[in-house]
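Residue strings, one per chain:
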2 protein chains.
Amino acid sequence: MSGLWFTEKQTENFGITMKVNRTLHTEQTDFQKLDMIETAEWGKMLLLDNMVMTSEKDEFVYHEMVAHVPLFTHPHPQKVLVVGGGDGGVVREILKHPSVEKVTLVDIDSKVIEYAKQYLPNIAGELDNERVEVKVGDGFMHIAQSKNEYDVIMVDSTEPVGPAVNLFTKGFYAGIAQALKDDGIFVAQTDNPWFKADLIREVQKDVKEIFPITNLYHANVPTYPSGMWTFTIGSKKYDPLQVSEDRFHEIETIYYTKELHKASFVLPKFVKDLTE
Amino acid sequence: MSGLWFTEKQTENFGITMKVNRTLHTEQTDFQKLDMIETAEWGKMLLLDNMVMTSEKDEFVYHEMVAHVPLFTHPHPQKVLVVGGGDGGVVREILKHPSVEKVTLVDIDSKVIEYAKQYLPNIAGELDNERVEVKVGDGFMHIAQSKNEYDVIMVDSTEPVGPAVNLFTKGFYAGIAQALKDDGIFVAQTDNPWFKADLIREVQKDVKEIFPITNLYHANVPTYPSGMWTFTIGSKKYDPLQVSEDRFHEIETIYYTKELHKASFVLPKFVKDLTE
């Protein structure tokens, strides 16, 4: 293991480690430490506060699964909000849905957007699309000021430390409910069940008190802790498990399929227990 | 990261790393390097040739998914063969099925059995059950000498290097077909789709030429490469996706459920492509 290696301690006593071909950029922004590195295994990779955010090789899993599950659940999504997600990957997937007229992205850190555009053009390339409005600001505040406005809201945040800490509170979910239209849907990444079981249990409990339809789905992201990532979905009207077959139109994906849409809600027993 | 850490390079340029509280045993057996360690994150862990075989904290995933998918697919499994699996975890799960009269386990390395019994009693504890026969020997040879004998065969091997190299050949699958009864089923672990896509594609192709019903299913094992592990199933008669609901009897599990049984066959698009 000679040369430069990056190690993320995903817990105090466990982590992943990978060979780094070269570092592309490193900076302490106003909000977090940002590193852009080129790894031998995963291609270029964005780190925030020394945690893997996205890599060229496996980014499609997370971005597809955040975007397509709610967008195929909603019969006619037109206005979509992304909180966080400054790398642009979720926006790229959202734009595959022709019904979407406008995507608003609110990320607190302009540097994430800037360096994603520079170093990860395959991920960030659609941030300049005319259907997209990019705002630099506090997602919590943006939500608090929005009423009855969005069809779908996606929370693509970092872990509940640092700038994202407010994005895992019941007050935030209540704000999301108000920012959504009467038949709106939201989804948030909720980490993994092996190391963050308590977080999943709490978020599920909080969201259930606000949204009549609450559920949890999962996907395999190899560079994220445990390889099993979860997403909490809250919906006012449409059930993600009751999507009719004719609603799935053809989109190009690498991970998502209409069959996986439903199967991703079928949880291992110990994970299902966290939702009850 | 002070103190003793174990790092498994899962590929040339990527791996997992974990804190080791203490080493319990280390030995070069006749077949492989064997280490038993106590880790801070995953409990006690068995390593073979420096690769994670099983850990106390996540072993249930692999063992449950190897055993219960074929055993619930077969309507009345009585005789079961395990090739490899000397740690005893798969045997423990098999014995939860009351129809099973006899389990034969054939592992080439007696030291795996010996040290699993000593250090991993929660995993290996059922190896002394009266329904179990443990043989130390070559699984390939045992298969070659068996005709029309087993209802279910499970291949719980290491990677296709070292002692397990013969267990990933078409000749071995043909032998398995002969060792099975006319309505028999077999399952083999087939690594992960991120780093071993070619292996999965080849095994699927080989097994399809021998078994009329061939499929691939997956489970999340955090200590295995990529966190997504796959299992190839070959069946002469019974389709794992056509199991009637009344066949599922109650067993205690942490990961497996009857709903997950079917959902685990729904693959991400890039994995499904490997089976076609």
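Criteria and thresholds
Residues numbered from 1 in each chain as written. Chains lettered and ligands numbered in written order. Predicted model: local features only at pLDDT ≥ 70, side-chain atom pairs only at ≥ 80, totals over all residues. Heavy atoms only, no water. Helix = DSSP H or I, 4+ residues; strand = E, 2+ residues; numbered from the N terminus. Rg over C-alpha atoms; globule rule 2.2 N^0.38 Å. Contact = heavy atoms within 4.5 Å. Areas by Shrake-Rupley, 256 points an atom, 1.4 Å probe, with all protein chains shown as cover. Lys, Arg positive; Asp, Glu negative; His and termini not counted. Charge placed at Lys NZ, Arg CZ, Asp CG, Glu CD. Buried area = accessible area lost by both parts, 1.4 Å probe. Salt bridge = Lys/Arg side-chain N within 4 Å of Asp/Glu carboxyl O. Polar contact = N/O pair within 3.5 Å; in protein donor to acceptor, adjacent residues only side chain to side chain. Nonpolar A, V, L, I, M, F, W, Y, C, P; charged D, E, K, R; others polar. Domains from an automatic or database assignment. Pairing = 2+ DSSP bridges. Axes fitted to C-alpha atoms, helices over the stretch in contact; angles between N-to-C directions. Buried < 20%, exposed > 50% of the residue type's maximum accessible area, 1.4 Å probe, protein only. UniProt positions renumbered as here; feature names shortened; annotations may be inferred. Phe/Tyr/Trp six-rings, centres within 6.5 Å; stacked < 30°, edge-to-face > 60°. Lys NZ or Arg CZ within 6 Å of the ring centre and 35° of its normal. 1 Å grid on protein atoms, 1.4 Å probe; cavity = no way out; pocket = protein on both sides within 12 Å on 5 of 7 lines; lining within 4 Å. Points joined across faces, edges and corners; volume = space filled by probe spheres on them.

Right, let's talk about the overall build of chain A for a bit. In terms of helices and strands, chain A carries 9 helices and 12 strands. Relative to its length of 276 residues, chain A is compact, with a C-alpha radius of gyration of 18 Å against a globular reference of 19 Å. The C-alpha extent of chain A, read off along each of the three principal axes, is 55 × 45 × 35 Å. In chain A, the share of contacts with a sequence separation of at least 24, taken over all contacts with a separation of at least 6, comes to 66%. Put simply, chain A shows about 10,200 Å² of open surface, and 47% of that area lies on carbon and sulfur atoms. Taken as two groups, the 28 positive and 42 negative side-chain charges of chain A have centres that lie 3 Å from each other.

Reports of interface size often rely on the accessible area that becomes lost once the parts have come together. Each side of the interface is counted separately: chain A has 40 residues, and chain B has 40 residues. Taken over both partners, the interface formed by chain A and chain B buries close to 3,300 Å², and the fraction arising from carbon and sulfur atoms is 70%. In terms of surface lost to chain B, no three residues of chain A exceed A:Asn13, A:Phe14 and A:Trp194, which account for 21% of the buried area on that side. Our count for the chain A to chain B interface comes out at 0 salt bridges. In this assembly, chain A and chain B are joined by 14 residue pairs in polar contact (both at pLDDT 80 or more). Elements that contribute at least two residues to the side of chain A that touches chain B include exactly β1 (5–11), β2 (14–28), α1 (59–73), α8 (258–263) and α9 (269–272) of chain A. Among the elements that make up the side of chain A that touches chain B, the one with the highest residue count is β2(A) (6 residues). Its residues assigned to classes, the side of chain A that touches chain B comprises 22 nonpolar, 10 polar and 8 charged.

All names here are of chain A. Domain assignment breaks chain A into domain 1 (5–55) and domain 2 (59–275). With 23 residues of domain 1 at the interface, the matching set in domain 2 holds 22 residues. Both sides together, the interface formed by domain 1 and domain 2 hides about 2,100 Å², and carbon and sulfur atoms give 70% of it. Between domain 1 and domain 2 we count 1 salt bridge in total. Residue Glu27 is joined to Lys111 by a salt bridge in which the shortest nitrogen-to-oxygen separation is 3.6 Å.

Moving on, we come to the sheet that holds strand β12 (residues 228–235) of chain A. Residues and elements named next belong to chain A. Read across the open sheet, the 7 strands follow the order β8-β7-β6-β9-β10-β12-β11; overall the sheet is mixed. One side of each edge strand has no neighbouring strand; the edge strands of this open sheet are β8 (132–136) and β11 (213–220). Between one strand axis and the next, the sheet turns by 15° as a mean value, whatever way the strands run.

Residues and elements named next belong to chain A. Extensive coverage of strand β4 (residues 43–48) is indicated by the burial of 5 of its 6 residues. Across 6 bridges, the pairing between strand β3 (residues 33–39) and β4 is antiparallel. Paired with Ile37 across the bridge in β4 is Met45. Linkage of β3 to β4, two consecutive antiparallel strands, is achieved through a turn of 3 residues.

With that settled, consider the UniProt feature "binding site: spermidine" (unreviewed entry) in chain A. All names here are of chain A. According to UniProt, the feature "binding site: spermidine" (unreviewed entry) maps to His63, Asp87, Asp156, Ser157, Thr158 and Glu159 in the numbering used here. With respect to the helices and strands, the residue His63 is situated in helix α1. Mapped onto the elements of the fold, Asp156 is located in strand β9 (residues 150–156). Relative accessible area serves as the criterion here: at 9%, Asp156 is assigned to the buried category. Asp156 has contacts with Tyr62, Val82, Val83, Gly84, Gly85 and Val90, leaving out every residue within four places of it along the chain. Of the polar contacts made by the side chain of Asp156, one reaches the side chain of Tyr62; its length is 2.6 Å.

Residue and element names in this part refer to chain A. The feature "binding site: S-methyl-5'-thioadenosine" (unreviewed entry), as given by UniProt, occupies Gln32, Asp107, Asp138, Gly139 and Pro163 in the numbering adopted here. Mapped onto the fold, Gln32 is located in the loop between β2 and β3. Dropping the residues within four chain positions of it, Gln32 is found in contact with Glu27, Leu48, Asp49, Asp109, Val112, Thr158 and Pro163. Inspection of the secondary structure puts Pro163 in the loop between β9 and α6 (170–179). By relative accessible area, which is 28% here, Pro163 ends up partly exposed. Residues contacting Pro163, with those up to four places away along its chain left out, are Phe31, Gln32 and Ile108.

Residues and elements named next belong to chain B. Burial analysis of strand β10 (residues 180–189) places 8 of its 10 residues in the buried class, the great majority of the element. The pairing of strand β9 (residues 150–156) with β10 spans 5 bridges and is parallel. Across the sheet, the residue bridging to Val152 is Ile185, located in β10. Here β10 pairs with strand β12 (residues 228–235) via 5 bridges, running antiparallel. Paired with Phe186 across the bridge in β12 is Gly234.

Applying the stated criterion across every chain, the model contains 40 aromatic pairs over all chains. Geometrically, the ring pair formed by A:Tyr62 and A:Tyr224 is edge-to-face, given 5.7 Å between the ring centres and 70° between the ring planes. One end of the pair, A:Tyr62, is in helix α1; the other, A:Tyr224, is in the loop between β11 and β12, and 162 residues separate them in sequence. With respect to class, A:Tyr62 is no different from A:Tyr224; both count as buried. What links up through ring pairs into an aromatic cluster is the set A:Phe14, A:Trp194, A:Phe195, A:Phe270, B:Trp42, B:Phe60 and B:Tyr255. It is A:Lys79 that lies over the ring of A:Tyr150; its NZ or CZ is 5.5 Å from the centre.

What follows is about empty space enclosed by the protein. In total, this model carries 6 cavities of 30 Å³ or more according to the counting rule given. When its volume is computed, the largest cavity comes out at roughly 110 Å³. In terms of lining residues, the largest cavity is bounded by 14 residues, among which A:His218, A:Ala263, B:His218, B:Ala263 and B:Val266 are the most central. At the level of elements, β11 and α8 of chain A together with α8 (258–263) of chain B are the ones that each hand at least two residues to the lining of the largest cavity. Grouping the constituent residues of the lining of the largest cavity by class yields 10 nonpolar, 4 polar and no charged.

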